[in-house]
Amino acid sequence: MKIQTLSSYIRRKDMDSVLNCMVTDRLATGEFSERLAKLAKEKLHFDFGVTLRSPAAALALALECLSLPAGSHVALSALAEPWALKVIRSMGFEPVWLDVDAGTACFSPAALDSLAGSGARALYLAHPWGIMIDPALLVEIGIPIIEDISTALGAAIDIGLPGEGGDAAGSVAVAAEPAGGEAGAVDEAAAAEQAARLVAAGSLGLFTILGLEDSQAITAGGGALLYARARRDGQALRNQAEKLVATDLLPDLNAALALTQLRDADRFQEKRAELYKLYEQSLLRSHKKALMSTRDGRPAYYGCVVVLEAGIKDVRAYAKKKEVDTLLAFEGSCVALGLVPEGACPTAASLANRALAFPLHPRLGKTAAQKIAKVLVTLP
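Residues numbered from 1 in each chain as written. Predicted model: local features only at pLDDT ≥ 70, side-chain atom pairs only at ≥ 80, totals over all residues. Heavy atoms only, no water.

**Details of the sheet that holds strand β10 (residues 289-290)**
The four strands are arranged β10-β12-β14-β13 in an open sheet whose pairing can be described as antiparallel. Lying at the two open borders of the sheet, with one neighbouring strand each, are β10 and β13 (327-328). Looking at chain direction, strand β12 (residues 304-307) and strand β14 (residues 355-358) are connected through four bridges and run antiparallel. Counterpart to V306 in the pairing with β14 is L356. (Pairing = 2+ DSSP bridges. Helix = DSSP H or I, 4+ residues; strand = E, 2+ residues; numbered from the N terminus.)

Here you go:
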């Protein structure tokens, strides 16, 4: 049986939650959506959030909160998904394409340096396959950020303590890892040190999108959460949210599924971390490189993306023969679909042809994980 690359990992408890919603015969936005928003606020520590029917709706609402003039330029990665470009253009804005770093697939320093002269008034920041950008690169860009953590939920970058290079975070917001699930009280000194070191995914932007689509870090079968951490931005989001109509909001049927998934998000991340560490040893032995952050911290472990120098067709054929599914990591990106001007972002274009994703999700059992690890160590 072939091991699939992506999985939404729907369990019995998820089905029970959805069934409990169905038997109420109230599927529109209501109690389950309210419970999801409350749980998200407790876990993610934001001022105000709203559950919506799609990540596209979330990005559009975030851009409305920024009150940009008509015709403004909005920067995004050439590896962004095409729905983000569609939203930007549908609102009368123009894209500014940014190239990426070959080792992380995040914005390259040179691309971010070019922002000052690009006329961009906002930046859409998505973490490719859950890989967080170095927060130090964002300190002086001078424009509002809309952050998308759909694959990076739970990730954080260790910026070090003050005096250890800890000034890299600059004015970027810092968030400590929630202590939920640990026995006993957390030592205050340890908690303070942790807060000083970690920059969490979701703390880099004025507004943050957590997509709930199929096979993302958590899923509702569709939809998104949009939230603001700061009170001022939360008020702006409240004001815009008052204009929403029922069909803009996440139905309870979807929210019921997301509820159980969000409760177990930390457990999902732990399982993916175990799998990745197994894969990591295989990659070292095969001398293949995977996309990864340049900074220490707590990765999301959302995916295992191997960058090949050549022979990607042979590698995919070999993995398929071993019953391991693979996926071109950026096959659905803007640059892969020809939506980015030719030659504008050469590194992104190269990665779209050379980056291959292997299965890494909580549904994988021990036998399947060992099979994938064996494939990784014997890649042609």
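**Thoughts on the layout of surface pockets**
For the largest pocket, the calculated volume is near 740 Å³. As for the largest pocket, its lining consists of 33 residues, and the residues nearest its centre are L79, E81, W129, T151 and A329. Looking at the lining of the largest pocket, the element that brings in the most residues is strand β4 (residues 120-126), giving three residues. In terms of residue class, the lining of the largest pocket is built from 20 nonpolar, eight polar and five charged. (1 Å grid on protein atoms, 1.4 Å probe; cavity = no way out; pocket = protein on both sides within 12 Å on 5 of 7 lines; lining within 4 Å. Points joined across faces, edges and corners; volume = space filled by probe spheres on them. Nonpolar A, V, L, I, M, F, W, Y, C, P; charged D, E, K, R; others polar.)

**Focus on the state of the cysteines**
All chains considered together, the criterion is met by zero disulfides. Here C106 stays unpaired: no disulfide links it, and the sulfur of C345, its closest cysteine neighbor, is 14 Å away. (Disulfide = S-S within 2.5 Å.)

**Some thoughts on unusual backbone geometry**
The phi angle at H45 is positive, at roughly 60°, despite the residue not being glycine. In this structure, H45 sits in the loop between α2 (31-44) and β1 (48-52). Of note in the backbone geometry, E323 takes a positive phi value of approximately 65° without being a glycine. Inspection of the secondary structure assignment puts E323 in the loop between α10 (312-321) and β13. Judged by its relative accessible area of 34%, E323 falls in the partly exposed class. (Buried < 20%, exposed > 50% of the residue type's maximum accessible area, 1.4 Å probe, protein only.)

**What about the packing of helix α3 (residues 55-66) against helix α7 (residues 231-241)?**
Two elements in contact, α3 and α7, have axes whose closest approach is 9 Å; the angle formed by their N-to-C orientations is 115°. When the axes of α3 and α7 are compared, the pair comes out roughly perpendicular. Between α3 and α7 lies a crossing whose hand is right-handed. In this structure, α3 uses L61, E64 and C65 to contact α7, whose residues at the interface are A236, L237 and Q240. Residues that form the contact of α3 with α7 fall into these classes: four nonpolar, one polar and one charged. (Axes fitted to C-alpha atoms, helices over the stretch in contact; angles between N-to-C directions. Parallel < 35°, antiparallel > 145°, perpendicular 65-115°, else oblique. Left-handed = near helix turned anticlockwise from the far one by under 90°. Contact = heavy atoms within 4.5 Å.)

**What about the environment of L339?**
Mapped onto the fold, L339 is located in the loop between β13 and α11 (346-354). Taking C-alpha positions, L339 is 8.5 Å from A78, a pair spaced 261 residues apart along the chain.

**Some details on the environment of Y227**
Structurally, Y227 can be placed in strand β9 (residues 224-228). Assessed through its relative accessible area of 1%, Y227 is described here as buried. Separated by 25 residues in the primary sequence, Y227 and G202 place their C-alpha atoms 9.2 Å from one another.

**Remarks on the nonpolar core**
Judged by nonpolar contacts, the single largest core of 100 residues is most densely connected at L63, L98, L123, L153, L226 and F330. The element best represented in this core is α3, accounting for eight residues. Excluding residues within four positions of it along the chain, L98 makes contact with A75, L76, S77, A78, F107, A111, L112, S114, L115, L123 and C345. (Core = buried A, V, L, I, M, F, W, Y, C linked by side-chain atoms within 4.5 Å.)

**Structural notes on the side chain of S286**
The topology assignment puts S286 in helix α9 (residues 265-286). Among the polar contacts made by the side chain of S286, one reaches the main-chain carbonyl oxygen of L283 at a distance of 3.2 Å. Residues within four places of S286 in sequence aside, it is in contact with L376 and V377. (Polar contact = N/O pair within 3.5 Å; in protein donor to acceptor, adjacent residues only side chain to side chain.)

**Notes on the pairing of β1**
Counting buried positions along β1 yields four of five residues, so the element is predominantly enclosed. With five bridges joining them, β1 and β9 adopt antiparallel strand pairing. What sits directly across from L52, in β9, is A224.

**Observations concerning α11**
Within α11, burial applies to A348, L351 and A352. Axial view of α11: buried residues confined to an arc of 105°, hence all on one face. Buried-residue contacts for α11 involve β12, β13 and β14. (Arc of directions from axis to C-beta.)

**Side note on the pattern of salt bridges**
Summed over the entire model, instances satisfying the criterion amount to 10 salt bridges. Between D134 and R295 there is a salt bridge, and its shortest N-O distance comes to 2.8 Å. One end of the pair, D134, is in the loop between β4 and β5 (145-148); the other, R295, is in the loop between β10 and β11 (297-298), and 161 residues separate them in sequence. Accessibility expressed as a relative area gives 16% for D134, which makes it buried. Bridged by salt links that share partners, the residues R11, K13, D14 and D264 form one connected network. (Salt bridge = Lys/Arg side-chain N within 4 Å of Asp/Glu carboxyl O.)

Purely geometric stuff here, so don't read any function into it on its own.
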